[in-house]
Amino acid sequence: MLVFLRLGLTSFGGPIAHLGYFRAAFVERRRWLDDRAYADLVALCQFLPGPASSQVGIAVGLLRAGFPGALAAWIGFTMPSAIALVAFAYGIRALGDPSGAGWLHGLKIAAVAVVAQAVLGMLRSLAPDRERATLAVIAATIVLAVPSAFSQIVAIVIGGLAGLLLLPRGDAASDHAPLPLTIGRTTGVIALILFFVLLAGLPVLASTTGAHLAALVEAFYRAGSLVFGGGHVVLPLLQAAVVPPGWMSNDAFLAGYGAAQAVPGPLFTFAAYLGAVAGPAPNGWLGGAIALAAIFLPSFLLVIGVLPFWEALRRRASAQATLRGVNAAVVGILLAALYDPVWTAAIHGGLDVALAAAAFLLLVAWKTPPWLVVLLSAGAGALLALV
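Below is a summary of the structure that appears in this document. Model, not experiment: these values are computed from the prediction. (Residues numbered from 1 in each chain as written. Predicted model: local features only at pLDDT ≥ 70, side-chain atom pairs only at ≥ 80, totals over all residues. Heavy atoms only, no water.)

**Thoughts on the overall build of the chain**
Stage number 1. Regarding its fold elements, the chain presents 17 helices and zero strands.
Stage number 2. C-alpha atoms of the chain, sized along the principal axes, occupy 60 × 60 × 40 Å.
Stage number 3. Out of the 387 residues in the chain, the part that is buried amounts to 54%.
Stage number 4. In the form shown here, the chain has an accessible surface area of approximately 16100 Å², with 71% of it arising from carbon and sulfur atoms. (Helix = DSSP H or I, 4+ residues; strand = E, 2+ residues; numbered from the N terminus. Buried < 20%, exposed > 50% of the residue type's maximum accessible area, 1.4 Å probe, protein only. Areas by Shrake-Rupley, 256 points an atom, 1.4 Å probe, with all protein chains shown as cover.)

Written as structure tokens, this is what we have:
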């Protein structure tokens, strides 16, 4: 839990940057997974609705220590930003709008270095030959040409088909690093059934009872179940769920969104703010906790439900070839994200490029811990704002 708590306190930059932080923590430093197994988890979570980076964290916790590990991973990664946003909902407005703050700009620049390091490491291990490097570039081109969550899925599907049809099929036994599963298929089936029962049953419960609690749980559970791409993609759905019914004003919604940009961890913790300021009780910290649990519950059920079948599938030689193509596409998606939104949101001039290069040098050449690079970049960003 302490590992994920540290990540929850320092992982700025959105889901793509989070995956870079995760890779540095779990693949490079602690070697809980190898690069291939980690990329397989990323590919799986890209296919699932919900916040991809949080789902990867839940999956890593599940593989390490079963259900308690998954819960501890989620708590550690999620609680820092959730607590900060609930506190903001109680009236902390002294900081004003953080969007133009120099330290926040420095954090965005740190995300450039983190993602660049992740792209470099994954390119070396997952797209080392010309065939897979070509697939990565094709995937990046697709995502940059048509930027959307759907185009990412298309790129992954194309990568998988190309891997199946064009890449050589090696020995699955030697090409596969087994995932240390702690759950079986029966548990997976139960989780998937529960996922669909709640997705279909909560709207009925909310409409028949008319209770605000049921409507609150249904709205956030639906948002966590139906949004592909995670992150900012969930915001329109959340706004449609909480503003038209009169639970809060649009100004209150946008104020919370601004605050969410200034905290680390997953953007889905914005749900904690919304639950805290929403209309009739339960609201406050209890409403925030309910909304937070409701929006992340689908991620738990989907990861638990799909992971046992994913492990069996990826053992086959044909599946291994497919996954090699998918992994190359994931590298391409990460490469595209390095440009947009990570680079375009952070780099606005020569000094920004210099700071990003310095942060990249600290990560790659000097092996500086990412959390320290984040702090140094935030301080440098604050200084640059004074220039």
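Moving on from the coordinates now.
**Remarks on the nonpolar core**
Stage number 1. One finds Leu 7, Phe 220, Leu 238, Val 242 and Leu 274 to be the most contacted residues of the largest nonpolar core, which totals 124 residues.
Stage number 2. The element contributing the most residues to this core is helix H4 (residues 52-89), with 16 residues.
Stage number 3. Ignoring anything within four residues of it in the chain, the contact list for Val 242 reads Phe 220, Trp 247, Met 248, Phe 253 and Leu 274. (Core = buried A, V, L, I, M, F, W, Y, C linked by side-chain atoms within 4.5 Å. Contact = heavy atoms within 4.5 Å.)

**Details of the side chain of Ser 53**
Stage number 1. Note that Ser 53 resides in helix H4.
Stage number 2. Aside from chain neighbours lying at most four places away, what touches Ser 53 is Pro 15, His 18, Leu 19, Phe 22 and Phe 77.

**Quick notes on the pattern of salt bridges**
Stage number 1. As enumerated under the stated definition, the model contains five salt bridges in all.
Stage number 2. Between Arg 222 and Glu 218 there is a salt bridge; the shortest N-O distance is 2.7 Å. Of this pair, Arg 222 and Glu 218 are both found in helix H10 (residues 212-226), four residues apart, which corresponds to roughly one turn of the helix. (Salt bridge = Lys/Arg side-chain N within 4 Å of Asp/Glu carboxyl O.)

**Notes on the environment of Phe 12**
Stage number 1. If you trace the backbone, Phe 12 turns up in the loop between helix H1 (2-10) and helix H2 (14-29).
Stage number 2. By relative accessible area, Phe 12 is classed as buried at 12%.
Stage number 3. When the C-alpha atoms of Phe 12 and Pro 266 are compared, they prove to be 8.7 Å apart, with 254 residues separating the residues in sequence.
Stage number 4. Residues within four places of Phe 12 in sequence aside, it is in contact with Ala 17, His 18, Tyr 21, Leu 107, Ala 111, Ala 262, Val 263, Pro 264 and Val 374.

**A few points about the packing of aromatic side chains**
Stage number 1. Enumeration according to the criterion identifies 12 aromatic pairs in this entry.
Stage number 2. Ring geometry for Trp 74 versus Phe 296: centroids 5.6 Å apart, planes at 65°, classification edge-to-face. In this pair, Trp 74 sits in helix H4 while Phe 296 sits in helix H14 (residues 284-313), placing the two residues 222 residues apart along the sequence. No difference in accessibility class separates Trp 74 from Phe 296, as the two residues are buried.
Stage number 3. Here a set of aromatic residues connected by ring pairs shows up, and it is made of Phe 4, Phe 22, Phe 26, Trp 32 and Phe 77. (Phe/Tyr/Trp six-rings, centres within 6.5 Å; stacked < 30°, edge-to-face > 60°.)

**With respect to the packing of helix H6 (residues 130-145) against helix H15 (residues 317-346)**
Stage number 1. Between H6 and H15, the shortest axis-to-axis distance is 7 Å and the interhelical angle comes to 45°. Between H6 and H15, the angle is such that the two are oblique. Handedness of the crossing formed by H6 with H15: right-handed. Contacts between H6 and H15 involve Arg 132, Leu 135, Ala 136, Ala 139, Ala 140, Val 143 and Leu 144 from the former and Arg 324, Gly 325, Ala 328, Ala 329, Val 331, Gly 332, Ile 333, Leu 335, Ala 336, Tyr 339 and Asp 340 from the latter.
Stage number 2. Across the contact of H6 with H15, the residue classes tally to 13 nonpolar, two polar and three charged. (Axes fitted to C-alpha atoms, helices over the stretch in contact; angles between N-to-C directions. Parallel < 35°, antiparallel > 145°, perpendicular 65-115°, else oblique. Left-handed = near helix turned anticlockwise from the far one by under 90°. Nonpolar A, V, L, I, M, F, W, Y, C, P; charged D, E, K, R; others polar.)

**Concerning the side chain of Arg 132**
Stage number 1. By the element assignment, Arg 132 lies in helix H6.
Stage number 2. Within the local environment of Arg 132, its side chain forms a polar contact with the side chain of Asp 129, the two groups lying 2.7 Å apart.
Stage number 3. In contact with Arg 132, other than residues within four places in its own chain, are Leu 126, Ala 127, Leu 167, Arg 324 and Ala 328. (Polar contact = N/O pair within 3.5 Å; in protein donor to acceptor, adjacent residues only side chain to side chain.)

**Some thoughts on the packing of helix H16 (residues 350-364) against helix H17 (residues 370-384)**
Stage number 1. Packing of H16 against H17 leaves a shortest axis separation of 10 Å and a crossing angle of 160°. Considering their axes alone, H16 and H17 lie roughly antiparallel with respect to each other. The handedness of the crossing between H16 and H17 comes out as right-handed. Residues Leu 351, Asp 352, Leu 355, Ala 359, Leu 362 and Leu 363 of H16 lie in contact with H17, whose contacting residues are Pro 370, Val 373, Leu 376, Ser 377, Ala 380, Gly 381 and Leu 384.

**Points about H2**
Stage number 1. Compared with an ideal rise of 1.5 Å per residue, which puts 16 residues at 22 Å, H2 spans 21 Å between its outermost C-alpha atoms and is within 8% of the ideal.
Stage number 2. By the largest-angle criterion, Arg 23 marks the main kink of H2, which is about 30°.
Stage number 3. For H2, the buried fraction is high: 12 of the 16 residues fall into the buried class.
Stage number 4. Of the positions making up H2, those classed as buried are Ile 16, Ala 17, His 18, Leu 19, Gly 20, Tyr 21, Phe 22, Arg 23, Ala 24, Ala 25, Phe 26 and Val 27.
Stage number 5. Turning to H2, the residues buried within the fold contact H1, helix H3 (35-47), H4, helix H5 (102-126), H15 and H17. (Expected span 1.5 Å × (residues − 1). Bend = angle between axes of the 7 residues up to and from the residue.)

**With respect to a nonpolar patch on the surface**
Stage number 1. On the surface, Phe 47, Val 157, Leu 161, Leu 165 and Leu 166 cluster together into a nonpolar patch covering about 510 Å² of accessible area.
Stage number 2. Of the residues forming the nonpolar patch, the biggest block, four residues, is contributed by helix H7 (residues 149-166).
Stage number 3. As for its placement among the helices and strands, Leu 165 is situated in helix H7.
Stage number 4. Take Leu 165: its relative accessible area is 68%, and that puts it in the exposed class. (Patch = residues over 30% accessible without salt bridge, like charges linked within 9 Å, V, L, I, M, F, W, Y side chains within 5 Å.)

**Here we look at unusual backbone geometry**
Stage number 1. Of note, the bond from Ala 281 into Pro 282 is cis; its omega dihedral lies within 30 degrees of zero at 10°.
Stage number 2. Residue position: Pro 282 is located in the loop between helix H13 (270-277) and H14.
Stage number 3. In this model, Arg 31 sits at a positive phi of 55°, which is unusual for a non-glycine residue.
Stage number 4. Note on Arg 31: relative accessible area 66%, which makes it exposed.
Stage number 5. Despite not being glycine, Lys 367 shows a phi value in the positive range, around 55°.

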